[in-house]
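# Analysis of the macromolecular model
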Amino acid sequence: MEDASCTIRRAVPADAAQLTDLAARTFRDTFEADNRPEDMADHLARSYSPARQLSELTSPDIVTLLATYDGPTAFAQLRRGRPPACVTSAETIELWRFDVDKDWHGRGIAKDLMRAVLDEAAAAGASAVWLGVWERNPRAIAFYRKFGFADVGAHAFLLGADVQTDRIMVRSFGATADGRRSKGDS
Ligand SMILES: CC(C)(COP(=O)(O)OP(=O)(O)OC[C@H]1O[C@@H](n2cnc3c(N)ncnc32)[C@H](O)[C@@H]1OP(=O)(O)O)[C@@H](O)C(=O)NCCC(=O)NCCS
């Protein structure tokens, strides 16, 4: 399948319903084969509803980027908050969610979206982006490695009643005084 180009923009409150659909669908597509139905159902019910996504879209601590191509195809969310102890950089931001619709895997949208995420993080004054990724998600881990994320530790992630291990990965970059990334950053 040929590479596709898409439009990436900051999501707004009016996107809540379609963000809910996209986020729940990508989560189900990615994880339902390897998890108990009751754990999936619990997580989906807790995490995705138009009201919940609306509160994320209006939160001052969360930036949501939405990629569209004849409809929503991918999204990313950056979240401010305290990182786990294994993340030692000074100014960090969490890449909380990063999901591409399965029909668009391997077609370049994830790379475009990651570049937009790194630009957004740099503009926010971060010197590093960190994330948690399930240890049993090798495709995502391979993708993050391609973008310079390195494994620095682990933390627990509760999916329903199942305590899972997420690898913690960090991608540092030298932010200049005006918020641009240093030469050499991808
Ligand atoms: C993770 C994700 C964003 C990556 O986007 P993508 O378009 O699939 O990424 P790419 O194809 O550019 O890169 C994935 C890499 O993993 C490799 N890969 C694919 N399956 C793999 C596997 N089972 N094990 C290891 N590597 C794998 C690919 O070959 C590719 O590497 P390459 O470019 O060197 O060939 C996308 O797959 C996705 O949204 N997945 C579902 C949601 C998800 O897991 N989100 C992350 C949550 S933390």
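Described in the following lines is the structure provided in the data block. (Residues numbered from 1 in each chain as written. Predicted model: local features only at pLDDT ≥ 70, side-chain atom pairs only at ≥ 80, totals over all residues.)

Now for the overall build of the chain. Of the regular secondary structure elements, the chain holds 5 helices and 7 strands. In the chain, the order of α-helices and β-strands from amino to carboxyl end is β-α-α-α-β-β-β-α-β-α-β-β. Overall, the C-alpha framework of the chain stretches about 45 × 40 × 35 Å when taken along its three principal axes. Looking at the chain as a whole, 30% of its 186 residues are labelled buried. (Helix = DSSP H or I, 4+ residues; strand = E, 2+ residues; numbered from the N terminus. Buried ≥ 20, exposed ≤ 12 C-beta atoms within 10 Å, placed from the backbone.)

In the vicinity of the ligand lie 16 residues, with Val100, His105, Ala110, Pro138 and Ala142 positioned nearest. Take the shell around the ligand: its biggest share by element is 5 residues, from helix α5 (residues 138–146). Class assignment for the residues of the shell around the ligand results in 8 nonpolar, 5 polar and 3 charged. (Near = placed C-beta within 6 Å. Nonpolar A, V, L, I, M, F, W, Y, C, P; charged D, E, K, R; others polar.)

What follows covers the nonpolar core. Most often, soluble globular proteins keep nonpolar side chains buried together rather than apart. In terms of nonpolar packing, the biggest core is built from 40 residues, with Leu65, Phe75, Leu113, Val117 and Val129 touching the most fellow members. It is helix α4 (residues 109–123) that contributes the most residues to this core, 8 residues altogether. Beyond its immediate chain neighbours, meaning those up to four positions away, Phe75 contacts Ala11, Leu19, Leu22, Ala23, Thr64, Leu65, Leu66, Ala67, Arg97 and Asp99. (Core = buried A, V, L, I, M, F, W, Y, C linked by C-beta atoms within 7 Å. Contact = placed C-beta atoms within 7 Å.)

Our next topic: helix α1 (residues 16–31). With 16 residues, α1 extends 22 Å between its outermost C-alpha atoms, agreeing within 8% with the 22 Å of an ideal straight helix rising 1.5 Å per residue. For α1, the full list of buried residues reads Ala16, Leu19, Leu22, Ala23 and Thr26. Summarising the axial view, the buried residues of α1 lie within an arc of 130 degrees, below the 170-degree limit, and thus occupy one face. For α1, the secondary structure elements touched by its buried residues are α3 (50–57), β2 (62–68), β3 (72–79) and β4 (92–100). (Expected span 1.5 Å × (residues − 1). Arc of directions from axis to C-beta.)

Within the chain, Asp70 stands out as a residue other than glycine whose phi angle is a positive 55 degrees. Following the sequence through the fold, Asp70 ends up in the loop between β2 and β3. For Asp70, a count of 7 C-beta atoms within 10 Å puts it in the exposed group.

By themselves these figures say nothing about function.
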